[in-house]
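Chain by chain, the residues run as shown.
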Amino acid sequence: MEMVEEHIKGILKNRKIHFTLIDPDEQTPQEALNIAEEAILGGTDGIMIGGSTVNNDEVDETCKILSENIEVPIILFPGNINSVSKYADAIFFMSYLNSTNPYWIYGAQALAAPIVRQAGIEVLPMGYMVVQPGGTVGWVGDAKLVPRNKPKIPAAYAMSAELLGMRFFYIEAGSGADKPIPPEMVGYTKKATEDMIIIVGGGIRDGEAAYTAAKAGGDIIVTGTIVEETNDVRGKIEEITSAIRKASIE
Ligand SMILES: CC(C)=CCC/C(C)=C/CC/C(C)=C/CC/C(C)=C/COP(=O)(O)OP(=O)(O)O
Ligand SMILES: O=P(O)(O)OC[C@@H](O)CO
Ligand SMILES: [Mg+2]
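Predicted model only: the values in this text are computed from it and were never measured.

A closer look at the overall build of the protein chain
Move 1: Within the protein chain one finds 10 helices and eight strands.
Move 2: For a compact globule of 250 residues, the expected C-alpha radius of gyration is about 18 Å, and the protein chain comes in at 16 Å, within 12% of that figure.
Move 3: C-alpha extents for the protein chain along the principal axes are approximately 40 × 40 × 30 Å.
Move 4: In the protein chain, buried positions account for 54% of the 250 residues.
Move 5: Within the protein chain, contacts between residues at least 6 apart in sequence are counted, and of these 72% link residues at least 24 apart.
Move 6: Here the protein chain displays about 11,000 Å² of accessible surface, and carbon together with sulfur accounts for 52% of that area.
Move 7: Of the charged side chains in the protein chain, 21 are positive and 34 negative, and the gap between their average positions amounts to 9 Å.

Thoughts on the packing of helix 2 (residues 29–41) against helix 3 (residues 56–69)
Packed helix pairs are characterised by how far apart their axes lie and by the angle those axes make with each other.
Move 1: The geometry of helix 2 relative to helix 3 is characterised by a closest axis approach of 9 Å and an angle of 45° between their N-to-C directions. One element, helix 2, and the other, helix 3, form an angle in the oblique class. Of the two elements, helix 2 crosses helix 3, and the hand of that crossing is right-handed. On the side of helix 2, the interface is formed by Pro29, Gln30, Ala32, Leu33, Ala36 and Glu37, while helix 3 contributes Glu61, Thr62, Ile65, Leu66 and Asn69.
Move 2: Among the residues making up the contact of helix 2 with helix 3, the classes are represented as six nonpolar, three polar and two charged.

As for the packing of helix 7 (residues 183–192) against helix 8 (residues 207–216)
Move 1: One way to put it is that helix 7 packs onto helix 8 with a least axis distance of 8 Å and a crossing angle of 30°. It follows that helix 7 is roughly parallel to helix 8 by the angle criterion. Judged by the twist between their axes, the crossing of helix 7 over helix 8 is right-handed. Across the interface between the two elements, Pro183, Val186 and Gly187 of helix 7 pack against Thr212, Ala213 and Ala216 of helix 8.
Move 2: Each residue belonging to the contact of helix 7 with helix 8 can be placed in one class, and the counts come to four nonpolar, two polar and no charged.

Topic: the site of ligand 1
Move 1: Residues in contact with ligand 1 amount to 20 residues; listed here are only the nearest, Asp23, Gly51, Ser52, Thr136 and Ser175.
Move 2: In the environment of ligand 1, an oxygen atom lies 3.0 Å from a nitrogen or oxygen atom belonging to the side chain of Thr136.
Move 3: Contact with the protein chains covers 94% of the free accessible surface of ligand 1, which is 750 Å².
Move 4: Contributions of two or more residues to the shell around ligand 1 are made by strand 4 (90–96), helix 4 (102–119) and helix 5 (135–140).
Move 5: Looking at the shell around ligand 1 element by element, the count peaks at four residues for helix 4.
Move 6: Classifying every residue of the shell around ligand 1 by side-chain character gives 12 nonpolar, seven polar and one charged.

Some words on the site of ligand 2
Move 1: Looking at ligand 2, the residues that line it are Leu21, Phe77, Tyr170, Glu172, Ser175, Gly176, Gly201, Gly202, Gly203, Thr223, Gly224 and Thr225.
Move 2: Measuring from an oxygen atom of ligand 2, one finds a backbone N or O atom of Gly224 at 2.7 Å.
Move 3: Alone, ligand 2 offers 310 Å² of accessible surface; in the complex the protein occludes 96% of this.
Move 4: Tallied by class, the residues present in the shell around ligand 2 amount to three nonpolar, eight polar and one charged.

Topic: the nonpolar core
A general feature of soluble globular proteins is that nonpolar side chains tend to end up buried together.
Move 1: Core analysis: the biggest nonpolar cluster contains 54 residues, and Ile49 and Phe169 have the highest contact counts within it.
Move 2: Other than its neighbours up to four places away in sequence, Ile49 contacts Leu21, Ile22, Pro24, Val59, Thr62, Cys63, Leu66, Ile74, Ile75, Leu76 and Phe77.
Move 3: Judged by nonpolar contacts, the second largest core, of 26 residues, contains Leu21, Ala90, Tyr96 and Trp104.

A few points about unusual backbone geometry
The phi torsion of most residues other than glycine is negative, and most of the peptide bonds are trans.
Move 1: For the peptide bond that leads from Gln132 to Pro133, omega is 10°, which places it in the cis range.
Move 2: Assignment of secondary structure puts Pro133 in the loop between strand 5 (122–130) and helix 5.
Move 3: With a phi close to 45°, Asp142 is a non-glycine residue in the positive phi region.
Move 4: Its place among the elements puts Asp142 in the loop between helix 5 and helix 6 (152–163).

As for the side chain of Glu5
Move 1: Position of Glu5 relative to the elements: it lies in helix 1 (residues 4–12).
Move 2: Reaching out from Glu5, the side chain makes a polar contact with the side chain of Arg167 at a distance of 2.7 Å.

Topic: the sheet that holds strand 7 (residues 197–201)
Move 1: With parallel pairing, eight strands are arranged side by side around a closed barrel as 1-2-3-4-5-6-7-8. The sheet shows a mean angle of 30° between the axes of neighbouring strands, taken without regard to direction.
Move 2: With two bridges connecting them, strand 3 (residues 74–76) and strand 4 associate as parallel partners. Bridge pairing in strand 4 links Ile75 to Ala90.
Move 3: Against the sheet, helix 4 contacts strand 4 and strand 5, and its axis sits at roughly 160° relative to strand 4.

Basis of the calculations
- For every chain, the first residue of the written sequence is number 1, and numbering continues from 1 along that sequence.
- For this description, chains carry letters from A and ligands carry numbers from 1, given in the order in which they are written.
- It should be noted that, the model being predicted, local features are given only for residues of pLDDT at least 70 and side-chain atom pairs only at 80 or more, the latter also being counted only at that level, while totals for whole chains, interfaces and linings use all residues.
- Excluded from the side-chain calculation are hydrogens and water; included are all heavy atoms of the structure.
- A run of H or I in DSSP counts as a helix once it spans at least four residues, and a run of E counts as a strand once it spans at least two, with each numbered from the N terminus.
- All radius of gyration figures rest on C-alpha atoms, and the globule criterion is 2.2 Å times the number of residues raised to 0.38.
- Each residue gets one of three labels from its accessible area relative to the maximum for its type: buried under 20%, exposed over 50%, partly exposed in between, using a 1.4 Å probe on protein chains only.
- A contact between two residues is defined here by any heavy atoms of the two lying within 4.5 Å.
- Methods summary: accessible areas were calculated by the Shrake-Rupley approach with a probe of 1.4 Å, and residue burial reflects only the protein chains presented.
- Only four residue types enter the charge count: Lys and Arg as positive, Asp and Glu as negative, with His and the chain ends excluded.
- By convention, charge coordinates are those of NZ in Lys, CZ in Arg, CG in Asp, or CD in Glu.
- A fitted line through C-alpha atoms serves as each axis, taken over the contacting stretch for helices, and the angle formed by two N-to-C directions is quoted from 0 to 180°.
- Orientation is classified from the angle alone, with under 35 degrees giving roughly parallel, over 145 giving roughly antiparallel, 65 to 115 giving roughly perpendicular, and any other angle giving oblique.
- Each crossing gets its handedness from the near helix: less than a right angle anticlockwise from the far helix is left-handed, clockwise is right-handed.
- Each residue is assigned to one class: nonpolar for Ala, Val, Leu, Ile, Met, Phe, Trp, Tyr, Cys and Pro, charged for Asp, Glu, Lys and Arg, and polar for all the others, Gly among them.
- By convention in these notes, a residue is near a molecule or strand provided one of its non-hydrogen atoms lies within 4 Å of it.
- A 3.5 Å cut-off defines polar contacts: any pair of N or O atoms within that distance qualifies, except that in protein one atom must be a possible hydrogen donor and the other a possible acceptor, and neighbouring residues in sequence count only when both atoms are side-chain atoms.
- Nonpolar cores are built from buried Ala, Val, Leu, Ile, Met, Phe, Trp, Tyr and Cys residues. Side-chain atoms within 4.5 Å join them into one set.
- Note on pairing: two strands pair once DSSP finds at least 2 bridges between them.

Written as structure tokens, this is what we have:
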């Protein structure tokens, strides 16, 4: 397969992107494969593998079965240094920019670097920022959560992340958040950067919310919890991906 970053940029020339996040903690690898296949039929562009509490065997086994069966990119969204697998295509190599704990800002990255190089997977350098309510990842990551009414804060962080050479920036409301990232926050962040790929996730459950995030300036819209909750993965993802495509052409 072509390199994941090039693949993403190729799609972005024409439209915005949807990724499905699968938490390997929540189901067997075979069940994860079933979900991924349904999500692909629903139009998702890639599968992210991660969770805030996972172990390496779960990540490895889930990535392995996916890599043997699906064509879309498999991208690690690591919760810690044990979330690396050679069966993935790429990893969001992320720094948790609004953590108060140096481990999440830079310690984990230094510990993970040799493991990632050993795995031989593509690296996608990413700034990660968690906004209120923040959920489990806000708590686990000792975050100074961004207030929802301060849209310019992530914008300034994104600008600085771009200056440091990061090429992706993820604004996260927390998995299962009751409300997604406010659209004006996405908008300021997109405008503050020149070439960064802006990823938006947390609490997006339907076409309308996905449309809002894409329309506001999100390049990649992520949904995770919704596939754990619905019994119609394909239909739900179809609703979300068609809303993202609509936001892309308007
Ligand atoms: C660079 C490497 C390899 C590691 C650093 C990793 C960093 C900085 C992680 C930040 C902290 C963290 C715990 C992130 C988790 C992100 C994530 C995978 C969230 C999605 O998790 P879900 O599993 O949906 O949430 P729940 O655990 O609440 O279900
Ligand atoms: O589970 P949801 O709420 O879709 O959030 C996805 C992702 O942003 C979590 O890290
Ligand atoms: Mg989860």
